[in-house]
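Geometric and topological summary
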Amino acid sequence: MASTGPSEGATGGPLDKEDIHMQWMQCAMDMAEEALAAQEVPVGCVFVRDGRIIARARNRTNQLRNATRHAELEAIDEILANRELTPTVTEYPLSETTLYVTVEPCIMCASALRQMGIKEVFYGCGNDRFGGCGSVLGVNSALPHPKHPGYRATGGYMREDAIMILRRFYITENTNAPVPKSKANRVLKTDIPSRLSPKPQAA
Ligand SMILES: [Zn+2]
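Residues numbered from 1 in each chain as written. Predicted model: local features only at pLDDT ≥ 70, side-chain atom pairs only at ≥ 80, totals over all residues.

1. Let's talk about the nonpolar core
One broad trend across soluble globular proteins is that nonpolar side chains are buried collectively. Applied cut-off: As used throughout, a nonpolar core is a set of buried Ala, Val, Leu, Ile, Met, Phe, Trp, Tyr and Cys residues joined through C-beta atoms within 7 Å of each other. Neighbour density around each residue's C-beta defines its exposure: 20 or more other C-beta atoms within 10 Å make it buried, 12 or fewer make it exposed, and counts between make it partly exposed, where C-beta atoms are placed from the backbone. Labels follow the DSSP assignment, with helices taken as runs of H or I lasting at least four residues and strands as runs of E lasting at least two, numbered in each case from the N terminus.
Core analysis: the biggest nonpolar cluster contains 46 residues, and M25, A28, C45, Y100, V101, L113 and V121 have the highest contact counts within it. For this core, the secondary-structure elements that each account for two or more residues are α1 (17–37), β1 (44–49), β2 (52–58), α3 (71–81), β3 (97–103), α4 (107–115), β4 (120–125) and α5 (159–170). No other element matches the nine residues that α1 contributes to this core.

Laid out in structure tokens, this is it:
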């Protein structure tokens, strides 16, 4: 996987595909940082169509006290409500749209993305507890669906950054938790087990 900066390729030439994925993922990471600053679980995403970001969002579950307000669904709401982005009601409004999200979409979001006909998904780290693109369930493609085609989801883009920002969140007091637990004695772990990446979940 390429690890060059977002502005130009390693040789200063035009961006290759991997550089472009990293560039969009950095934008998703910026949204995760915004979530962290707002004391939300730091997950961010951008939706890209025709080479430009059409929506960006982050978790708002604490702010709205609604466990379904994940970054992906926030952005999808915005896209569907926008008459320029979604001029007509179609079966698969995201068929020309790619998602970049810092954490593997959960089962709920992975299913919503399939129903919306998302073109492809790139994510940072896996989601061992809730992941819907292979970690817990292969909602994106492995699970058969009588109607909706599957989509490809590939992880490993800025994976370590995605893990570290989650750790930075969970190491602090979560004052919005129903029963706040003291985490005063916790230390920030910086070791990250390696994993083959990117991890494709091919259709
Ligand atoms: Zn989700």
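2. Some details on the pairing of strand β5 (residues 152–155)
Rules: The pairing criterion for strands is at least two bridges between them, as found by DSSP.
Residues of β5 alternate between two faces, with A153 and G155 buried on one and R152 and T154 left unburied on the opposite face. With three bridges connecting them, β4 and β5 associate as parallel partners. Counterpart to F122 in the pairing with β5 is T154.

3. A few points about α5
Let me state the cut-off plainly: By definition here, a helix of n residues has an expected span of 1.5 Å times n minus one. Directions drawn from the helix axis to the C-beta atoms are what define this arc. Throughout, a pair of residues is in contact if the C-beta atoms placed from their backbones lie within 7 Å.
For α5, which comprises 12 residues, the first-to-last C-alpha distance of 17 Å matches the rise-based estimate of 16 Å (1.5 Å per residue) to within 8%. Among the residues of α5, those classed as buried are R159, A162, I165 and L166. Along α5, the residues classed as buried sweep out an arc of 135 degrees about the axis, all on the same side. Buried residues belonging to α5 abut α1, β3, β4 and β5.

4. So, the environment of E160
Tracing the chain through its elements places E160 in helix α5. C-beta crowding within 10 Å serves as the criterion here: with 14 such atoms nearby, E160 is assigned to the partly exposed category. Sequence separation between E160 and D191 is 31 residues; the distance between their C-alpha atoms is 9.4 Å.

5. What to know about the packing of α3 against α4
When two helices pack together, their arrangement is given by the angle between their axes and by how far apart the axes lie. Stated precisely, the cut-off is as follows: Geometry is summarised by axes, namely lines fitted to C-alpha atoms with helices restricted to the contacting stretch, and by angles between N-to-C directions that run from 0 to 180 degrees. Oblique is the label for any angle not under 35 degrees, not over 145, and not in the 65 to 115 range, which are roughly parallel, roughly antiparallel and roughly perpendicular in turn. All residues other than Ala, Val, Leu, Ile, Met, Phe, Trp, Tyr, Cys, Pro, Asp, Glu, Lys and Arg, Gly among them, are scored as polar; the first ten of these are nonpolar and the last four charged.
Closest axis-to-axis distance for the α3/α4 pair is 9 Å, and the angle between their directions is 30 degrees. Considering the angle they form, α3 stands roughly parallel to α4. Within the contact between the two elements, α3 uses E72, L73 and I76 and α4 uses C109, A112 and L113. Residue composition of the contact of α3 with α4, grouped by class: five nonpolar, no polar and one charged.

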